[in-house]
Amino acid sequence: MWDDAFPSFLIGLREGLEAGLIVSILVATLVRADARSRLPQVWTGVLAAIALALSFGAVLTFTAANLSATAQEAFGGVLSVIAVAFVTAMVFWMRRSARTFSGEIREKVTGALGMGAGMLMLTSFLAVGREGLETALFLWTTARAAGESAGPLTGAGIGLVLAAALCWGLYRRVLRINLTKFFTATGVVLIVIAAGVLGYGLRDLQEGGVLPGLTAYAFDLSGSVDAGSWYSTLIQGVFNLMPTMTWLQVVGYVGYLAVVMPLFVRGVRTKAPELAPATAQLSESPPSPRRRPVWVVPVAVVAVPAVVAGFVVAFARPKPASSETVAVSETECGKGFTAPDTGRQTFQMHNTGDKTAEVYLIDPATDAVYGEVEGLAPGTTRDLVATVGGGSYAWRCVPTGAKAVTSATVHVSGGGGAVKAVVPVSENDLAAPLKAYKVYVDQGLATLVTQTGQLSDDIAANHLAKARTDWLTAHRTYSSLGAAYGTFEDFDQKINGRADGLAGGVQDKDFAGFHRIEYGLWHGQSAGELKVPAKQLAVAVAGLRKAFPTQDFDPGDLPLRAHEILENALQFELTGDTDEGSGTNLATVDSNLAGTRELLTVLKPLLTKESPKLLPAVDADIARVQKLLDSAHRGGSWTPVEELDETAKAQLDGATGQLLEDLAPVPDLLEIRKSA
């Protein structure tokens, strides 16, 4: 998360220090002038500025959320460019003003003292408000670039807290900072970061259709750069440099640096600046009688920005489509549906029939799906949220056990640009991948029959050392067939059952299969004690091998297994929960990874068609997990999970979690949807 947090940490530190210095100088000047009774006016202005900044961020978030997908890209791109302009102006102003900063603020405060409470409040509000608005805008753009990561807000929070601590230290004469050197050093880093934000903003404008050249790539390193590695994540998070960039992005990035950086560096003065603000030299006078301020004024001043933001959200909201109820049934599918506005819309889907139904918002020309609701019971109503652009739309209602029905088509005109939709997948589309995978599993089971037979023979001959080696070989083969778990039925409990949930635990008579034999081999049990469990395992595997060709394999389960194999690995193997003494959980994860890789191979044609960018990211994730597993496999032995150091364990858990996150869309992308 630090890669996403660092740019915001830096902006929070700089802006927070700038605003904090202003506030500390205001306070110190009032204390020195024996005007402590005016301090509440300063804090009221400060709180009003904070409220304004927060409200500004809320309005930005609301505005973007109610635009179409294409318009969101354009909106974000424009604000990114504006944020770069603000940051650039800020670093130049602070470089120029650092040496005379405190003197200028004291002059403004002295003038405000003679002009009444309102002017002092306004002075503090304007002084802090500018930094607050700049911070809100920059945080919004960096948070948008980081997606769902909490890094930007975390980094900004740390930066602001540190800035507050520094300002307090300066005020109490604990710290002395060379402000010119500080703002120069951070200015150089911020210029580099701003160049990345500019590049990201230009890409948004291209995706929003405002600027050309979306497919004119200057370079594409997605096939050779590990997108999941720490260094790649750090570079992308801090500098917004991506493995694939267009010519416009590169020209904007390099051009900005080539112009702004020399101007900034050339203007840096080497003359020694003032150190800390002059507040460190101010002595506090004895407290003077203070009059309690009227609470209405600060509350009103702080509340105004929030109220204004609330009005913007309330009255700028486009007419919601949720007022439009759409019927779902065999006879009334789509009744009540009229052409909606473009942008993010909410439809109320009401099942007027007597059967539970699924309903999809589709493009009738391609059957592409924009949104769906599953399991809509008779007489119930649920919301369906979708982003609407210019084009044709219809509803497809699929009552349980009945034929799918498609509503009349409506045409939506206007902007909104292209809206992302999922092209439906049929059982026929999954027939070839399913056939290929069943061949893989059948071959694996044939191998497993031989391996478990050998394991049984080892134990019968009292060759327990050899049995341990052959046990791991056979267990890894079974673990690589993970996508077929759903069809193995009762055989899985006999072959790979766990002691969890059994009344007698590892001593329970129903504890059987690989883990039963593992427990005995690594806990000193004799060949006589293991002979029967080993024979039972071989018989169960042979039974599965014979039954598998006739077992029902739902094609819709195939995409689900892509996520579930490693989900089980993360839950059971990487926690050591299934270790019965061999310490080979990581070997099992390695086999699970091989099974996942095989599954993705047979699904590759469909996934490439549905989401071209998904597999490159997943491949990079798999390579990262594989590298971490290989580092724990040396000399033919595997490091037990509990013996991994904290860093290695965290890296492996994190890499597996990232892989699971990137695999999560697969079931939705390849979900079988019934067509008319």
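Residues numbered from 1 in each chain as written. Predicted model: local features only at pLDDT ≥ 70, side-chain atom pairs only at ≥ 80, totals over all residues. Heavy atoms only, no water.

Colleague: Sorry, what's going on with the overall build of the chain here?
Modeller: Regarding its fold elements, the chain presents 21 helices and twelve strands. The long-range fraction of contacts in the chain, counting pairs at least 24 apart against all pairs at least 6 apart in sequence, stands at 77%. Carbon and sulfur atoms make up 59% of the accessible area of the chain, which totals about 31,100 Å². (Helix = DSSP H or I, 4+ residues; strand = E, 2+ residues; numbered from the N terminus. Contact = heavy atoms within 4.5 Å. Areas by Shrake-Rupley, 256 points an atom, 1.4 Å probe, with all protein chains shown as cover.)

Colleague: Please explain the nonpolar core as it appears in this structure.
Modeller: Burial of nonpolar side chains together is a common tendency in soluble globular proteins. By size, the foremost hydrophobic cluster in this structure holds 66 residues, and its most contacted members are Ile495 and Leu586. In terms of residue count, helix α18 (residues 585-610) provides more of this core than any other element does, ten residues in total. Aside from chain neighbours lying at most four places away, what touches Ile495 is Tyr478, Gly513, Phe514, Leu537, Ala540, Val541 and Leu544. Grouped together as the second largest cluster of nonpolar side chains are 20 residues, Val359, Tyr370, Ala386 and Cys397 included. (Core = buried A, V, L, I, M, F, W, Y, C linked by side-chain atoms within 4.5 Å. Buried < 20%, exposed > 50% of the residue type's maximum accessible area, 1.4 Å probe, protein only.)

Colleague: Where do I start with the environment of Ala632 in this structure?
Modeller: Topologically, Ala632 is positioned in the loop between α19 (614-631) and β11 (633-634). For Ala632, a relative accessible area of 6% gives the class buried. In this structure the C-alpha to C-alpha distance between Ala632 and Ala587, which are 45 residues apart in sequence, comes to 9.3 Å. For Ala632, the residues in contact, after removing those within four places along its chain, are Leu586, Ser637, Trp638, Thr639 and Leu644.

Colleague: Explain the state of the cysteines to me, please; I cannot follow it from the model alone.
Modeller: By definition, a disulfide links the sulfur atoms of two cysteines through a covalent bond. One pass over the full model with this rule turns up one disulfide. Here Cys333 is linked by a disulfide to Cys397, with a sulfur-sulfur distance of 2.1 Å. Taking the sign of the torsion about the S-S bond as the criterion, the disulfide between Cys333 and Cys397, at about 85 degrees, is right-handed. Residue Cys333 is found in the loop between β3 (325-328) and β4 (343-351), and its partner Cys397 is found in strand β8 (residues 391-399); the two are separated by 64 residues along the sequence. With respect to burial, Cys333 and Cys397 carry one shared label: buried. (Disulfide = S-S within 2.5 Å.)

These results come straight from atomic positions and should not be treated as a statement about function.
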